[in-house]
Amino acid sequence: MSQKVLLTSKEVNIILHRLACQLIEKHLDFSDTILVGIQPRGTFLAERLKDLLEKEYGIPKIALGYLDITFFRDDFRRTNKPLEANKTQIDVIVENKKVVFIDDVLYTGRSIRSALTAIQSFGRPSEIELLVLIDRRFSRHLPIQPDFRGRQVDAINDEKVKVCWKEQDGEDAVYLINK
């Protein structure tokens with residue numbers, strides 16, 4: 001097994017600032033926008049973006065939620081290992097709001113399809129967008145594309161993209177791992 005660095009800590013930081021600026025261009029003051037981190041790994045990216053937008057760009061009170069898609073996945077009954085659900089925490093009304101799904105890696109698109117189903121339990125958003133740190137563009141099973149992407153990666157199917165976050169993994173970095 002070998003791994004190659006796709007993004008260093010500095011590059012991740014630059015991309016986070018670019019994504020934050022793109023969100024500001026589209027959502028201005030975020031009064032009608034909710035950021036929704038897709039559990040488990042999208043929550044780190046969502047929290048980072050919220051912090052950046054509030055602290056670096058002075059946008060107050062950005063709504064942030066976490067969405068667990070475990071039981072909305074089309075493959076959740078196809079595994080022998082017991083599934084552990086994460087916590088869904090959406091403390092705001094999504095009805096007629098703009099929702100930005102946030103995830104670390106867009107791979108097959110199945111997680112996003114699950115999120116589209118799961119969010120309906122909280123109302124009908126006026127619009128849903130997708131922001132991802134890494135877009136594995138040649139691996140899609142469903143016609144789902146990001147509205148905001150940090151970096152496109154052309155990984156072959158047996159390669160894995162691993163996103164590391166300081167909060168959980170001790171560093172900000174993205175690796176391409178050959179199995």
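Quick note: structure is the one above.
Draft legend 1. Main features of the pattern of salt bridges. As enumerated under the stated definition, the model contains eleven salt bridges in all. Residue Arg 41 is joined to Asp 104 by a salt bridge in which the shortest nitrogen-to-oxygen separation is 3.7 Å. With Arg 41 in the loop between β2 (33–38) and α2 (42–56) and Asp 104 in strand β4 (residues 98–106), this residue pair connects regions lying 63 residues apart in the sequence. A relative accessible area of 23% means that Arg 41 is categorised as partly exposed. Residue classification places Asp 104 among the buried positions, given a relative accessible area of 9%. Residue Asp 135 is joined to Arg 140 by a salt bridge in which the shortest nitrogen-to-oxygen separation is 2.5 Å. Arg 140 gets classed as buried once you look at its relative accessible area, which sits at 17%.

Calculation criteria
Residues numbered from 1 in each chain as written. Predicted model: local features only at pLDDT ≥ 70, side-chain atom pairs only at ≥ 80, totals over all residues. Heavy atoms only, no water. Salt bridge = Lys/Arg side-chain N within 4 Å of Asp/Glu carboxyl O. Helix = DSSP H or I, 4+ residues; strand = E, 2+ residues; numbered from the N terminus. Buried < 20%, exposed > 50% of the residue type's maximum accessible area, 1.4 Å probe, protein only.

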